[in-house]
Amino acid sequence: MPEAAALDAIELPVLGMTCASCVGRVERAIGAVPGVRRASVNLAAERAHVEGGDPAAVAAAIRAVGYEPLEHAVELRVRGMTCATCVGRVERALKAEPGVLDAQVNLATERATVRILDGTVTSERLAAVITHAGYDASMVEAAGGADGDREQAARLAEIRALRRPVVLAGLATLPLFTVEMARHAVPGVHHWLAASLGEQPWRLISLALASFVLFGPGLRFYKKGVPNLLRLAPDMNSLVVLGATAAWAYSLVATLFPQALPAGTNNVYYEAAAVIVTLILLGRWFEARAKGRTSEAIKRLLHLQAKTARVQRGGEDVELPIEAVRPGDLVIVRPGERVPVDGEVLDGGSFVDESMISGEAMPVEKGPGAVVIGGTVNKTGAFRFRATKVGADTLLAQIVRMVEQAQGAKLPIQALVDKVTAWFVPVVMALAALTFGVWLAFGPAPALGLALVNTVAVLIIACPCAMGLATPTSIMVGTGRAAELGVLFRRGEALQALRDVKVVVFDKTGTLTLGRPALTALQVVGGYGEDEVLAAAASVEQRSEHPIGEAIVAEARRRGLTLRPAEGFQATPGFGVTARVDGRELVIGTARHLEAAGIDVSPLSGRADALADAGESPLFVAIDGRLAGVLAVADPIKPTSAEAVAALHRLGLKVAIVTGDHQRTAAAVARTLGVDDVLANVLPDGKARAVEGLRGRYGAVAFVGDGVNDAPALATADVGVAMGQGTDIAIESADVVLMGGDLTGVVTALGLSRATLRNIRQNLIWAFGYNVVLIPLAAGVLYPAFGWLLSPMLAAGAMALSSVSVLTNALRLRAYTPRRLAAEDTA
């Protein structure tokens, strides 16, 4: 591709300018960029008109003086890539285009994510750049809906398109392979064939069959490989073309012009050429089928989307395509139907299966005011709701986008692979040339034939595909499986970062605990009944806005108790309240508050101290000057918190709590859960510093919070894990989002991280080891010692098997289950 030149003129949006001095600063910064002929900045339009210069350098100059040029990401589907060399070629072509800041291409997903400056380069231009590089490109639309259907249809079409060439090549190769193997392995077949058909007629038949295989079903290799050779940018197709054509061309000369070859070298290798193409086609077919399975998590998510919705329009119920639903529409859902979009229930009621969001198998009751989520399944009743989020704004669409972004990520471990694969094909071609020269110069007779066979074997056995697929396929399957388990990786890089975590830090309120106070204890004295004391206390506390008072009222209503009006309500902050209910004087509060009123609390003081030591907040209740009971309110620990902490300890990790609560409450929670470290009385803006301190003490930190007031800590941690709570996953500070409130999701995320990285290591060891071991073997290094040579046909089979093996190994992650975590993921 010709070297890219700077754009002649661009209109660049610039944010952050407020006055004329800002304009001057931006103009001077742009004018100092080499190559810029003219720069004009419009404050009202917030745009910079720039003539000449490199757009990326212009953007950097604008940022350097404190302003922000707009940029966005474009996603393109790239067809025709077969190996890591193709990935590198497409990335280099895109990055050379003016206005492109970065480009990442994923072989497994066949997608290119291109970050561009607004106003510089169009999506159509990027597609043209990819086409010029020798591949097919098309725009990727928003996740979900028709695009997902088209993507699946395209994948199926690709598999079907490969199946026919595989069958045709197999039918033509089978007689060639069978006869040649029989001639070498079955005594008498060689002489029988020579006597009945003749050697030359059989060679001509073989020429016809092999030519059909190479230039019929195998023409796809030539269409890609030859242009790349001419561009001096060979790829795997080029290796196949060189190897198969060398065997075919040599055989052609031996058949038509045998006198042109040295004595004793008049051999043909038609079956090798045909088998090479057939086996590689077969491998491509298996690979396409396996690739389709790596993205099944996305397909399953897309299939959760309803296709139609029953909407009230003009006083009638109309069934519309899901794309036609608009915010504010009134939607009716009947028993057994999927909820089409996100919304709020207006009337009716039912139980809805939300397991796809929360992982909770029990259906959730829905009534007026409840939130419903598109893709969930209505069970028994019917209800009407108002659509609040549709299309790309629904929770399901957010999930799909998040999974797609994570699946397209490049982990740091990929950097080494990229460096190696950039040089891989040229090095293989050089080794093939060296193999030919050494065998021709030093090999035994027939040296020319042996040189050809071993050179073809070297060209064919090399497999950059396996190296290119090793990382992205594991990421695709791992992040897809995580989404099915309610764990969303917003950044694929978090997969690798989680593996290195040494300490998991939890926010307490709303993360380890439910985040809402509840009545946890009630003990009465003096002949009073529990319901009597609770009803009296709740009657007073219904006048209070304190969370503790709200918890007491909530429990009384849960028990169905009748609350009476309270008169003369007085609150003493930090101590308690007094009021009259049905003519009785009630005093509720701390021991000091009751003692100040002359009430003896000693009968229940021991119980109150025990409750306080357990991290609960005790309150005494007195009626008409006599102690009636003590009750306690606390933020209950989530049922799964203890299980999660124990599992993290089994994984060899430290667990800490950072909370704004006072030390006594935090210590009580820590004792209950077996936490290693507690930092209490930490204000929200101090949590980031607390995370840094824990990193210095233990190592890499994963912080788990509710994503509301924990944003600084989530951003500061090596990995930020946010509790999505099943309704809003757009938490920008987090790297990982847990869809439900179940903390075992943290353990699942860690386990999947370790399993995925282990899977990637296995793939890389196989891919690199395969090439390191088999390329020298194909070159014949063992021939002097053992007389071993590798047939080009076996080389082709091994090469096809290599990519399929990597894909098959990655697909094992689909079977990952959290139950295996403690036993298997301690590595």
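Only a predicted model underlies this, so the values are computations on that prediction, with no experimental measurement involved. (Residues numbered from 1 in each chain as written. Predicted model: local features only at pLDDT ≥ 70, side-chain atom pairs only at ≥ 80, totals over all residues. Heavy atoms only, no water.)

### Overview of the overall build of the protein chain
For step 1, the next point in the chain: Of the regular secondary structure elements, the protein chain holds 30 helices and 30 strands.
For step 2, the next point in the chain: Within the protein chain, the fraction of its 827 residues that count as buried is 52%.
For step 3, the next point in the chain: Intrachain contacts of the protein chain at a sequence separation of at least 6 include 69% that bridge at least 24 residues.
For step 4, the next point in the chain: On the protein chain, roughly 34700 Å² of surface is accessible, and the fraction owed to carbon and sulfur atoms is 58%. (Helix = DSSP H or I, 4+ residues; strand = E, 2+ residues; numbered from the N terminus. Buried < 20%, exposed > 50% of the residue type's maximum accessible area, 1.4 Å probe, protein only. Contact = heavy atoms within 4.5 Å. Areas by Shrake-Rupley, 256 points an atom, 1.4 Å probe, with all protein chains shown as cover.)

### So, the confidence of the model for the protein chain
For step 1, the next point in the chain: In this model, the protein chain carries an average pLDDT of 82, and 87% of its residues clear a pLDDT of 70 or more.
For step 2, the next point in the chain: Considering each helix and strand of the protein chain separately, the mean pLDDT is smallest for helix H30 (residues 821-824), with a value of 44, and largest for strand S11 (residues 330-333), with 94.
For step 3, the next point in the chain: Below a pLDDT of 50 lies the segment residues 1-6, which in the model reaches 13 contacts outside its immediate sequence neighbourhood of four places, other chains included. (pLDDT = per-residue confidence, 0-100.)

### Re unusual backbone geometry
With the exception of glycine, the majority of residues adopt a negative phi angle, and the majority of peptide bonds are in the trans configuration.
For step 1, the next point in the chain: At the junction of Ala445 and Pro446, the peptide bond is cis and its omega measures out at -10 degrees in the coordinates.
For step 2, the next point in the chain: Checked against the element boundaries, Pro446 lands in the loop between helix H14 (414-442) and helix H15 (447-461).
For step 3, the next point in the chain: Although it is not a glycine, Asp582 adopts a positive phi angle of roughly 55 degrees.
For step 4, the next point in the chain: One can find Asp582 in the loop between strand S22 (576-581) and strand S23 (584-589).
For step 5, the next point in the chain: We note that Asp624 has phi near 50 degrees; this positive angle belongs to a residue other than glycine.
For step 6, the next point in the chain: Mapped onto the fold, Asp624 is located in the loop between strand S24 (617-623) and strand S25 (626-634).
For step 7, the next point in the chain: For Asp624, a relative accessible area of 45% puts it in the partly exposed group.

### Observations regarding helix H2 (residues 55-64)
Think of an α-helix as turning once every 3.6 residues; residues three or four places apart then point the same way.
For step 1, the next point in the chain: Listed in full, the buried residues belonging to H2 are Pro55, Val58, Ala59, Ala61 and Ile62. Buried positions in H2, seen along its axis, are confined to an arc of 160 degrees and lie on one side of it.
For step 2, the next point in the chain: One or two positions beyond H2, positive phi appears at Gly66, with a value near 100 degrees. (Arc of directions from axis to C-beta.)

### A few points about the sheet that holds strand S13 (residues 350-353)
For step 1, the next point in the chain: Across the sheet, which stays open at both edges, the three strands sit in the order S14-S13-S16 with antiparallel pairing between neighbours. Edge positions in the open sheet fall to strand S14 (364-366) and strand S16 (377-378), since each of these has one partner strand only.
For step 2, the next point in the chain: As judged from the two bridges shared by S13 and S16, these two strands associate in the antiparallel manner. Opposite Asp353, over in S16, you have Val377 as the bridge partner. (Pairing = 2+ DSSP bridges.)

### Looking at helix H16 (residues 464-484)
For step 1, the next point in the chain: Helix length check: H16, at 21 residues, gives a terminal C-alpha distance of 31 Å against a target of 30 Å (1.5 Å per residue), a fit within 8%.
For step 2, the next point in the chain: The largest bend in H16 is about 40 degrees, located at Ala470, with the proline Pro472 one to four residues further on.
For step 3, the next point in the chain: H16 sits mainly inside the fold: 20 of its 21 residues count as buried.
For step 4, the next point in the chain: Where H16 terminates, the next one or two residues include Gly486, which has phi positive at roughly 85 degrees. (Expected span 1.5 Å × (residues − 1). Bend = angle between axes of the 7 residues up to and from the residue.)

### Here we look at the state of the cysteines
For step 1, the next point in the chain: If you walk through the whole model with that rule in mind, you get zero disulfides.
For step 2, the next point in the chain: Summary of cysteine pairing: Cys83 is not part of a disulfide, and the nearest cysteine sulfur, belonging to Cys86, is at 3.9 Å.
For step 3, the next point in the chain: Relative accessible area serves as the criterion here: at 0%, Cys86 is assigned to the buried category. (Disulfide = S-S within 2.5 Å.)

### Notes on the packing of H15 against helix H29 (residues 792-811)
For step 1, the next point in the chain: Packing of H15 against H29 brings their axes to within 8 Å, and their N-to-C directions diverge by 5 degrees. Judged by the angle between their axes, H15 and H29 are roughly parallel. Contacts from Val453, Val456, Ala457, Ile460 and Ile461 in H15 reach Pro792, Ala795, Ala796, Ala798 and Met799 in H29.
For step 2, the next point in the chain: Among the residues forming the contact of H15 with H29, the class breakdown is 10 nonpolar, no polar and no charged. (Axes fitted to C-alpha atoms, helices over the stretch in contact; angles between N-to-C directions. Parallel < 35°, antiparallel > 145°, perpendicular 65-115°, else oblique. Nonpolar A, V, L, I, M, F, W, Y, C, P; charged D, E, K, R; others polar.)

### Describing the pairing of strand S28 (residues 701-705)
A regular strand places its side chains so that they alternate between the two faces of the sheet.
For step 1, the next point in the chain: Taken across its five residues, S28 has five buried, putting it largely inside the fold.
For step 2, the next point in the chain: Burial of S28 is two-sided: the residues Val701, Phe703 and Gly705 facing one way and the residues Ala702 and Val704 facing the other way are all buried.
For step 3, the next point in the chain: As defined by bridge partners, S28 adjoins strand S29 (residues 719-723) across four bridges and the pair is classed as parallel. Following the sheet pairing, Ala702 is matched in S29 by Val719.

### Some words on the environment of Phe286
For step 1, the next point in the chain: As for its position among the elements, Phe286 is in helix H10 (residues 270-294).
For step 2, the next point in the chain: For Phe286, a relative accessible area of 37% translates into the label partly exposed.

### A look at the packing of H16 against H29
Packed helix pairs are specified by the crossing angle of their axes together with the interaxial distance, meaning the distance between the axes.
For step 1, the next point in the chain: Look at H16 against H29: their axes get within 9 Å of each other, and the N-to-C directions meet at 15 degrees. It follows from the interaxial angle that H16 and H29 lie roughly parallel. Crossing hand, H16 versus H29: right-handed. Within the contact between the two elements, H16 uses Cys465, Ala466, Leu469, Ala470, Thr473, Ser474 and Val477 and H29 uses Ser802, Ser803, Val806, Leu807, Ala810 and Leu811. (Left-handed = near helix turned anticlockwise from the far one by under 90°.)

### Focus on the sheet that holds strand S12 (residues 342-348)
For step 1, the next point in the chain: The sheet built from six strands is open, its strands ordered S10-S9-S11-S17-S12-S15 with antiparallel pairing. Both edges of this open sheet fall to strand S10 (316-321) and strand S15 (371-372), since each of them pairs with a single strand only.
For step 2, the next point in the chain: In this sheet, S15 lies alongside S12 in antiparallel orientation, the contact comprising two bridges. Within the sheet, the bridge partner assigned to Gly343 lies in S15 and is Val372.

### Considering the pairing of S29
For step 1, the next point in the chain: Most of S29 is tucked away, with five of its five residues classed as buried.
For step 2, the next point in the chain: Sheet analysis places S29 next to strand S30 (residues 736-738), joined by three bridges and oriented parallel. Within S30, the position partnered with Val721 by the bridge is Val736.

### Let's talk about the packing of aromatic side chains
When we look at a pair of aromatic rings, we describe it by the centre distance and by the angle of the planes.
For step 1, the next point in the chain: Using the criterion set out here, one finds six aromatic pairs in the structure.
For step 2, the next point in the chain: When the ring of Trp439 is compared with that of Tyr783, the centres are 5.2 Å apart and the planes differ by 65 degrees; the resulting orientation is edge-to-face. Here Trp439 is found in helix H14, whereas its partner Tyr783 is found in helix H28 (residues 783-786), with 344 residues between them in sequence.
For step 3, the next point in the chain: Trp439 gets classed as buried once you look at its relative accessible area, which sits at 7%. (Phe/Tyr/Trp six-rings, centres within 6.5 Å; stacked < 30°, edge-to-face > 60°.)

### Regarding the side chain of Asn378
For step 1, the next point in the chain: Relative to the helices and strands, Asn378 is located in strand S16.
For step 2, the next point in the chain: A polar atom in the side chain of Asn378 sits 2.9 Å from the backbone oxygen of Arg334.
For step 3, the next point in the chain: Excluding residues that lie within four positions of it along the chain, Asn378 makes contacts with Val333, Arg334, Pro335, Gly336, Glu337, Ser350, Phe351, Val352 and Phe383. (Polar contact = N/O pair within 3.5 Å; in protein donor to acceptor, adjacent residues only side chain to side chain.)

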